[in-house]
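# Commentary on secondary and tertiary structure
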Amino acid sequence: MCGRLQNYRADCSVRLKKLCADELAELAFRGLHEPVNYAPVEDDGAARAACEIVAVMENRVWATG
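Anyway, here's the lowdown on the structure attached to this text.

The rules behind the values
Residues numbered from 1 in each chain as written. Predicted model: local features only at pLDDT ≥ 70, side-chain atom pairs only at ≥ 80, totals over all residues. Heavy atoms only, no water. Helix = DSSP H or I, 4+ residues; strand = E, 2+ residues; numbered from the N terminus. Rg over C-alpha atoms; globule rule 2.2 N^0.38 Å. Buried < 20%, exposed > 50% of the residue type's maximum accessible area, 1.4 Å probe, protein only. Areas by Shrake-Rupley, 256 points an atom, 1.4 Å probe, with all protein chains shown as cover. Lys, Arg positive; Asp, Glu negative; His and termini not counted. Charge placed at Lys NZ, Arg CZ, Asp CG, Glu CD. Salt bridge = Lys/Arg side-chain N within 4 Å of Asp/Glu carboxyl O. 1 Å grid on protein atoms, 1.4 Å probe; cavity = no way out; pocket = protein on both sides within 12 Å on 5 of 7 lines; lining within 4 Å. Points joined across faces, edges and corners; volume = space filled by probe spheres on them. Nonpolar A, V, L, I, M, F, W, Y, C, P; charged D, E, K, R; others polar. Patch = residues over 30% accessible without salt bridge, like charges linked within 9 Å, V, L, I, M, F, W, Y side chains within 5 Å.

## A word on the overall build of the chain
Looking only at helices and strands, one finds 3 helices and 0 strands in the chain. Listed N to C, the secondary structure of the chain is α-α-α in terms of helices and strands. In terms of overall size, the chain is more extended than a compact globule, its C-alpha atoms giving a radius of gyration of 22 Å where 65 residues would be expected to give roughly 11 Å. Per-residue burial for the chain yields a buried fraction of 3% across its 65 residues. As displayed, the chain has an accessible area near 6,200 Å², and 59% of this comes from carbon and sulfur atoms. The positive charge centre, built from 8 side chains, and the negative charge centre, built from 10, are 7 Å apart in the chain.

## Quick look at the pattern of salt bridges
Inspection of the entire model under this criterion finds 2 salt bridges. Note that Asp44 and Arg48 form a salt bridge whose closest N and O atoms lie 3.2 Å from each other.

## Side note on the layout of surface pockets
There is about 390 Å³ of room inside the largest pocket. Around the largest pocket sit 16 residues that line it, and Asp11, Cys12, Leu27, Gly31 and Glu34 are the ones nearest its centre. Considering only residue class, the lining of the largest pocket consists of 9 nonpolar, 3 polar and 4 charged.

## Regarding a nonpolar patch on the surface
On the surface, Val14, Leu16, Leu24 and Leu27 cluster together to form a nonpolar patch covering roughly 320 Å² of accessible area. Structurally, the position occupied by Val14 is in the loop between α1 (2-7) and α2 (21-33).

Written out as structure tokens, the structure is:
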């Protein structure tokens, strides 16, 4: 999952084993107050999937027999 988050510039993962509670709290607080610069996320996945399904259904010669 981290790779996908990195692709969208949204990765804020931390190594919990190396943090104490105060450090984690500080990171969370800073993260809430920093500006974000996420990459745009595709929002046409359902439409693309529907087009693929229609293409398969239109070309199903096995069902016309």
